[in-house]
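The residues making up each chain are set out below.
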Amino acid sequence: MCGLAADRLQRLAKRASQTRLVTPGIADKGGLEKTGIPATLVTGYLHYRGVEVEKTTDFTVLVLFSIGITKGKWGTLLNALLEFKKDYDNNAPLEQVLPGLTNDHGATYGGMGLRDLANQMFEQLKTSKQTQCMAEAFSTLPTPRLSPNNAYQYLVRDEIEHVPLEELANRVLATSVVPYPPGIPMLMPGEDTGPDDGPYLGYLRALQNWDKRFPGFGHDTHGVENRDGTHFIQCLKRGWEKA
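Residues numbered from 1 in each chain as written. Predicted model: local features only at pLDDT ≥ 70, side-chain atom pairs only at ≥ 80, totals over all residues. Heavy atoms only, no water.

1. A look at the sheet that holds strand 4 (residues 160-164)
- Ordered by their spatial adjacency, three strands build an open sheet running 4-6-5, and the pairing between neighbours is antiparallel. Each edge of the open sheet is held by one strand with a lone partner, namely strand 4 and strand 5 (224-227). For this sheet, the mean angle separating the axes of adjacent strands, direction not counted, is 35 degrees.
- One ladder, built from four bridges, connects strand 5 with strand 6 (residues 230-236); its direction is antiparallel. Note that in strand 6 the partner of Glu-225 across the bridge is Phe-232.
- This element, helix 10 (residues 199-213), spans strand 5 and strand 6 of the sheet and lies at about 145 degrees to strand 6. (Pairing = 2+ DSSP bridges. Helix = DSSP H or I, 4+ residues; strand = E, 2+ residues; numbered from the N terminus. Axes fitted to C-alpha atoms, helices over the stretch in contact; angles between N-to-C directions. Contact = heavy atoms within 4.5 Å.)

2. Focus: the environment of Asp-228
- Relative to the helices and strands, Asp-228 is located in the loop between strand 5 and strand 6.
- Overall, Asp-228 belongs to the exposed group, its relative accessible area being 85%.
- Each C-alpha atom, one on Asp-228 and one on Asp-211, is 9.7 Å from the other, the two residues being 17 residues apart in sequence. (Buried < 20%, exposed > 50% of the residue type's maximum accessible area, 1.4 Å probe, protein only.)

3. Details of unusual backbone geometry
- Positive phi values are uncommon outside glycine, yet Lys-129 reaches one of about 55 degrees.
- Considering the arrangement of structural elements, one finds Lys-129 in the loop between helix 7 (114-128) and helix 8 (130-137).
- Phi is positive for Asp-228, which is not a glycine, with a value near 55 degrees.

4. Looking at the packing of helix 7 against helix 10
- Taken N-terminus to C-terminus, the directions of helix 7 and helix 10 make an angle of 160 degrees; their axes are 10 Å apart at the nearest point. When the axis of helix 7 is compared with that of helix 10, the two are roughly antiparallel. The interaxial crossing formed by helix 7 with helix 10 has right-handed handedness. Contacts between helix 7 and helix 10 involve Gln-120, Met-121, Gln-124, Leu-125 and Ser-128 from the first element and Ala-206, Asn-209, Trp-210 and Arg-213 from the second.
- Split by residue class, the contact of helix 7 with helix 10 holds four nonpolar, four polar and one charged. (Parallel < 35°, antiparallel > 145°, perpendicular 65-115°, else oblique. Left-handed = near helix turned anticlockwise from the far one by under 90°. Nonpolar A, V, L, I, M, F, W, Y, C, P; charged D, E, K, R; others polar.)

5. Details of the pattern of salt bridges
- Counting across every chain of the model gives seven salt bridges.
- Its salt-bridge partner being Arg-171, residue Glu-161 comes within 2.5 Å of it at the nearest N-O pair. In this pair, Glu-161 is assigned in strand 4 and Arg-171 in the loop between strand 4 and helix 10, connecting sequence segments 10 residues apart.
- Note on Arg-171: relative accessible area 5%, which makes it buried.
- Its salt-bridge partner being Glu-225, residue Arg-227 comes within 3.2 Å of it at the nearest N-O pair.
- Taking the relative accessible area as the measure of exposure, Arg-227 reaches 34% and is therefore partly exposed. (Salt bridge = Lys/Arg side-chain N within 4 Å of Asp/Glu carboxyl O.)

Rendered as structure tokens:
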């Protein structure tokens, strides 16, 4: 009996600790709707109001709570979401609802409303096919050129170079590349990046274009260095095969 009770309590605690919010935009049968609200915008709005989000994908927000969470904290989240809807419906100026964003990036967001920004973000996801590119990249097996351990030896000897995304086709990586979402390695050290029109560079290009267009909402991609909007990745130096 005690074992059953403990198991039930554990399952209840797991349920109570996670709340996943799904934002509008994904169609029931796949693809994107005509309009939508990217989750990263909701996350930014919540962060400004003191609600910290654990993880954000293109259209989902994960919030963690403990089993002993108070109604007050749940209420804070619900109130912030209701405020977002009101500000979205009214197309409230970003200067009012996200002042830190306009202070840091006034040239990009000055004079824009919350719904305006949501529409631009959603249109970017549609035209770049970012979500589709992610699915293609993570459903394709890369080509290994040497083992991760051997690739690491080039890294520790500094026999590498930082390569911009535009020149990354058919290069061998010295580090892993882990985009979020989904937060798992897309490419490992020693693997080939594939052709310029392949799935891996297609997804990384979509992320780079997003980061350039929407400063303050950039992606955190392990293994990628963002230099003024251009993404660089560490690769083995050319001619490594002959070394």
